[in-house]
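Close look at the chain arrangement
Spelled out, the chains give:
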Amino acid sequence: MIISMRPHTSKQQIEHVCERIREFGYKVHSIEGEERVVIGVVGVGDVTACLESLEATPGVESAVRISAPYKFVSREFKSDDSIIRVNGLEIGGDQFIVMAGPCSVENERQIMETAEGVAAAGAQMLRGGAFKPRTSPYDFQGLELEGLKLLRKAREATGLAIITEIMSDRDVDLVAEYADCMQVGARNVQNFALLKSLGGCGRPVLLKRGMSCTIKELLMSAEYIVAHGNPNVILCERGIRTFEIATRNTCDIAAIPVLNELTHLPVILDPSHATGKRSLVPAISRAGVAVGADGLIVEVHPCPEKAVSDGAQSLTLADFREMMRSLQPYVRLWKESRVATVAAAC
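So, a few notes on the structure that sits alongside this text. (Residues numbered from 1 in each chain as written. Predicted model: local features only at pLDDT ≥ 70, side-chain atom pairs only at ≥ 80, totals over all residues. Heavy atoms only, no water.)

1. Topic: the pattern of salt bridges
A complete count under the given rule lists 13 salt bridges for this structure. Across the salt bridge formed by Glu 23 and Arg 20, the nearest N and O atoms sit 2.3 Å from each other. Of this pair, Glu 23 and Arg 20 both sit in helix H1 (residues 11-23), 3 residues apart, which is roughly one turn of that helix. With a relative accessible area of 21%, Arg 20 lands in the partly exposed category. In this structure, Arg 75 engages Asp 81 in a salt bridge whose closest nitrogen and oxygen atoms are separated by 2.5 Å. On the basis of relative accessible area, Asp 81 is assigned to the partly exposed category, the value being 42%. What you see here is one network of salt bridges that share partners, running through Arg 209, Glu 237 and Asp 252. (Salt bridge = Lys/Arg side-chain N within 4 Å of Asp/Glu carboxyl O. Helix = DSSP H or I, 4+ residues; strand = E, 2+ residues; numbered from the N terminus. Buried < 20%, exposed > 50% of the residue type's maximum accessible area, 1.4 Å probe, protein only.)

The following block contains the structure:
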């Protein structure tokens, strides 16, 4: 439920409403707002009786049941866009954020060269996998702790925020020590033990859509993280599995505006996994900006033909510089649209 309090309601009235909510067996999840307080309510209980009681409680303006199965990530719960802060950056606001780097951290020279190159080209965050989920058990699985240490060194040298993948709830504390943002990959989108653990990780989470995951399922996975205490979730469209084999996955570009209608969480696009082909990444990136994505996460490698994973979809540093140049007019229009939307809302 969403409980909207009257403007300038007293603290005593708010506390009384929260106590009434708890008496019905529900939990008070969040209280937001300055002039007008909005209380989020979750749990199992007699919804009708609770709503009727709260509507008659002093200070309450309205009490509404949330119809969407995902409660806290829905537009019903919060109409304004959420802005997720990562190491001084704002994702979901008027900054278009580009995350770039290799699929896997391979060695110090590779990650440092990539970090310096993408930073010079305009990226604000460095992506790189220290732990790698691979289809074959014989493929490179990542440098793990050593990879995390190399990412930290790259951050110290360039100032780029670090995003890296988390694969297990056992590693949450370790990865959180090194990363600015925790990435949940497509294979773990419904790893509920991991999602629950990320609720208390103290870091923003980038949640990728699974290759066979519906939009509703993606939002329900985001709900797990938020419901367990972490509201700082970024959604990522990375392509889905269809009958088409011309690309690695099928980029569901329509998912971005759909998600923008359904949720207040930021949405970014991964054009590398969505296509699997280096030549297609710039075009799909431009499409992502055009349909309203809040950013991109792109694979870049100084020598893709020598990459231990995902070389075919990784841009060279020169390719990435050219793509960032080609995106500039699209990003300018994107920013103008954001400013106009904010002005209209005011």
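That was the structure; now back to the text.
2. A word on H1
A rise of 1.5 Å per residue sets the reference length of H1, with its 13 residues, at 18 Å; its end C-alpha atoms lie 18 Å apart and thus fit the reference within 8%. If you check which residues of H1 are buried, you get Ile 14, Val 17, Cys 18 and Ile 21. The arc that holds every buried residue of H1, seen down its axis, measures 100°, which confines them to one face. Away from its buried face, by an angle of more than 90 degrees, H1 presents the exposed residues Gln 12 and Glu 15. (Expected span 1.5 Å × (residues − 1). Arc of directions from axis to C-beta.)

3. Thoughts on the packing of helix H3 (residues 108-121) against helix H4 (residues 145-158)
Two elements in contact, H3 and H4, have axes whose closest approach is 10 Å; the angle formed by their N-to-C orientations is 35°. Between H3 and H4 lies a crossing whose hand is right-handed. Facing H3, whose interface residues are Glu 108, Ile 111, Met 112, Ala 115, Glu 116 and Ala 119, H4 presents Leu 150, Leu 151, Lys 153, Ala 154, Ala 157 and Thr 158. Here the contact of H3 with H4 is composed, by residue class, of 8 nonpolar, 1 polar and 3 charged. (Axes fitted to C-alpha atoms, helices over the stretch in contact; angles between N-to-C directions. Left-handed = near helix turned anticlockwise from the far one by under 90°. Contact = heavy atoms within 4.5 Å. Nonpolar A, V, L, I, M, F, W, Y, C, P; charged D, E, K, R; others polar.)

4. A look at the environment of Val 184
Note that Val 184 resides in strand E10 (residues 181-184). Residues Val 184 and Lys 208, 24 residues apart in the sequence, show an inter-C-alpha distance of 6.0 Å. Those residues in contact with Val 184, other than ones at most four positions away along the chain, are Ile 166, Val 189, Leu 194, Leu 195, Leu 198, Val 205, Leu 206, Leu 207 and Lys 208.

5. Some points on the sheet that holds strand E7 (residues 97-101)
Pairing within the closed barrel is parallel, and its 8 strands lie in the order E7-E8-E9-E10-E11-E12-E13-E14. Between one strand and the next, the sheet's axes are offset by a mean angle of 25°, whatever the strand orientation. Here E10 pairs with strand E11 (residues 205-208) via 3 bridges, running parallel. Counterpart to Met 182 in the pairing with E11 is Val 205. Its contacts with the sheet put H4 on strand E8 (125-127) and strand E9 (161-165), and the angle it makes with E9 is roughly 160°. Each of strand E12 (233-237) and strand E13 (267-269) touches helix H8 (residues 255-262); the most contacted strand, E13, lies at about 170° to it. (Pairing = 2+ DSSP bridges.)

Purely spatial values, then, with no claim about function.
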